[in-house]
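# Residue-level structural notes
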Amino acid sequence: MADHTNNARAYWQANLRLIVGCLVIWALVSYGFGILLRPWLAGIPVGGTDLGFWFAQQGSILTFIALIFFYAWRMNKLDKEFGVDEE
Amino acid sequence: MSQFAINLIFVGGSFALYIAIAIWARAGSTKEFYVAGGGVNPVMNGMATAADWMSAASFISMAGLIAAGGYANSTFLMGWTGGYVLLAMLLAPYLRKFGKFTVPDFIGDRFYSTGARLVAVACLIIASVTYVIGQMTGAGVAFSRFLEVSSDWGLIIAAVVVFLYAVMGGMKGITYTQVAQYVVLIIAYTIPAVFISLQLTDTFLPPIGLFSEHTESGMPLLAKLDQVVSELGFRDYTADVDNKLNMVLFTLSLMIGTAGLPHVIIRFFTVPKVADARWSAGWALVFIALLYLTAPAVASMARLNLLTTIYPDGPTAQAIEYSERPDWMKTWETTGLIQYNDKNNDGRIQLYNDTPAFADTAAERGWNGNELIVNNDILVLANPEIANLPGWVIGLIAAGGLAAALSTAAGLLLAISSAISHDLIKGSIKPDISEKGELLAARISMGVAIVVATWLGMNPPGFAAQTVALAFGIAAASIFPALMMGIFSKRVNNVGAISGMLAGLISTCVYIFLYLGWFFIPGTATFENIPQNWLFGGTGYGISPLSFGAVGAMINFAVAFAVSAVTAPPPVRIQELVESVRFPRGAGQAIDH
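The rules behind each value
- Residues numbered from 1 in each chain as written.
- Chains lettered and ligands numbered in written order.
- Predicted model: local features only at pLDDT ≥ 70, side-chain atom pairs only at ≥ 80, totals over all residues.
- Helix = DSSP H or I, 4+ residues; strand = E, 2+ residues; numbered from the N terminus.
- Rg over C-alpha atoms; globule rule 2.2 N^0.38 Å.
- Buried ≥ 20, exposed ≤ 12 C-beta atoms within 10 Å, placed from the backbone.
- Contact = placed C-beta atoms within 7 Å.
- Nonpolar A, V, L, I, M, F, W, Y, C, P; charged D, E, K, R; others polar.
- Core = buried A, V, L, I, M, F, W, Y, C linked by C-beta atoms within 7 Å.

### Quick notes on the overall build of chain A
The secondary structure content of chain A amounts to two helices and two strands. Taking 2.2 N^0.38 as the reference for a compact globule, 87 residues should give roughly 12 Å; the C-alpha atoms of chain A span a radius of gyration of 18 Å, well beyond that estimate. A principal-axis box enclosing the C-alpha atoms of chain A has dimensions of 60 × 20 × 15 Å. For chain A, the residues scored as buried account for 37% of the 87 residues in total.

### So, the environment of Met44 of chain B
All names here are of chain B. Relative to the helices and strands, Met44 is located in helix 3 (residues 42-53). The partly exposed category is assigned to Met44, around which 19 C-beta atoms lie within 10 Å. With 236 residues separating them along the chain, Met44 and Ser280 place their C-alpha atoms 8.3 Å apart.

### Here we look at the interface of chain B and chain A
Frequently, the measure chosen for interface size is the accessible area removed from exposure when the parts meet. Tallying the contact residues gives 42 residues for chain B and 37 residues for chain A. When residues of the side of chain B that touches chain A are traced back to their parent elements, those giving at least two are helix 5 (74-98), helix 10 (221-231), helix 11 (244-260) and helix 13 (274-310) of chain B. In terms of residue count, helix 13 of chain B provides more of the side of chain B that touches chain A than any other element does, 12 residues in total. Of the residues assigned to the side of chain B that touches chain A, the class counts are 28 nonpolar, eight polar and six charged.

### Things to note about the environment of Gln575 of chain B
Residue and element names in this part refer to chain B. Within the secondary structure, Gln575 is located in helix 22 (residues 572-582). In this structure, the C-alpha to C-alpha distance between Gln575 and Ala363, residues 212 residues apart in sequence, is 72 Å. With sequence-adjacent residues up to four places away left out, Gln575 is seen in contact with Lys490 and Pro570.

### Brief notes about the nonpolar core
Residue and element names in this part refer to chain B. With 233 residues, the main nonpolar core has Val162, Leu185 and Leu413 as its most contacted residues. The leading source of residues in this core is helix 13, at 23 residues. Those residues in contact with Leu185 that lie beyond four places of it in its chain are Ala51, Met54, Phe59, Gly400, Ala403 and Ala404.

Fair warning: the whole summary comes from geometry, so function is off the table for now.
Shown next, in the form of structure tokens:
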């Protein structure tokens, strides 16, 4: 029983760590590169404008897609590793 | 064949398809009516979610907003997509594991309180009804422009079609019509975009064209656009924003508002497994991104195209003569969405930013005020005509605009009717209602919701545009935090959750009403809605009423944790419930026994 509880806690901690990691990147590409850090990225030209503009109009959306698929892949794998997946 | 006949074939054909799908996918049980039987393939659900989410506003208005605002309006692009990351990681899988039918279901059970359930029902209904008004008016506008019927008749036709497939098929019918509607709307949106991208940049893919060379001038497209708009006194298209605090908060409000909108959340109840809910959020964003990556390209290209049409030899040379304007301008003038007024009587069209800073330059050029007003909304609808595309593309755009409006309307109507039949009637008023009785109640409340939405669409309250801020504000400030705390905290209790939701809801509504009028009644605003008057406005970092949802959400979290900390923790069975939603398998069985 104790083993089961420890296992459950470890699974949930792993999930939380994964979420925090993904959300750091989520915030970095949108609020960071797309908005707040744009002046610092102004020196990197992209097609007639700068990298910050690219992140605001394209880069952030592409990163969001990658993040969700990465999270789904990792979590579905963790489900199996911890034996909490559905049959 | 006349354009009218072509439009009729496209719109009539798409409607016949939706009705055929509805007859094929009738709902026989409440489970089929509320969650399509829980057996929808995750990729299909992603497509249906994309159609559910992309409304008339995304299809018709968003490109126009970005064209007008440039970089500053990137908020819509990030805000309306970033919410899916939150959905995929913070809400969808756990709510799917919970395995019930509605959003108030979870809030009522998790916070073991009918009061919490009713607050959630109220938030859901206010947010969804305000949202549905916009869809119905959007459908009416599309009808009147493309099918030459009055917009009231257009609305009635749209309502009858939605009634047929939503009332008959419930979530099951809605899911499969939304898949068809997604296909129609994405084809309609991208074909004209590809052509305009080829014309301007010689690039097939619009998102790549956006950062490519403008063929005619040899300059990068965005640099060319910056040059043209600045010569006409507008802000540079790519110019940075000064009030970054407001930009961050507005984007955040749109993101958590998206994640908290009930009609989007319930789509994830329809997939078979928790793992599918995670994949499905990713697929939804892929299908949404096809439009959201095209929109900024359409925005900048259509704006440049419009300005070079008016100033064929550049903004510093003569504008075109009014009598030589292209045909599409004539068509759209009849709708009143393009207005021309020859203020300096030279027979030419001067379009520029008529501000004091530009007055000297304008006077030098003999201009006497801006002469052309172009409504933002026509950008997408007029795109095929601007790019000289054949008539069938125009018919496709008409069908696409209607698909976007109807798919979102149907999703909202289902969220409203299930809240009434499942949460209000079965959950509170008459818990012993039979399965058959509940299904009938669901169909009747759907019918009533459609009638009310149609009536509101015909008599839109003068404040229809502002209420979108309210819908997102409420979803962000009340529903999202309650759901998130319900999953990630075992300590937040019934009193805490209810106080938090009410604090978030009231603070957000009050802040919006202060600037946009109390209950949106014109003339009742306490402060004029200008940046100087906003909270922290004196510092230049004011918070606009549209951005307050994120602040309301923080208030909700703070109040809920504070109140829970000084009151009794939730009972053990509720802590076990929280434990069970966190695991796809395992702890769930402990609850069922």
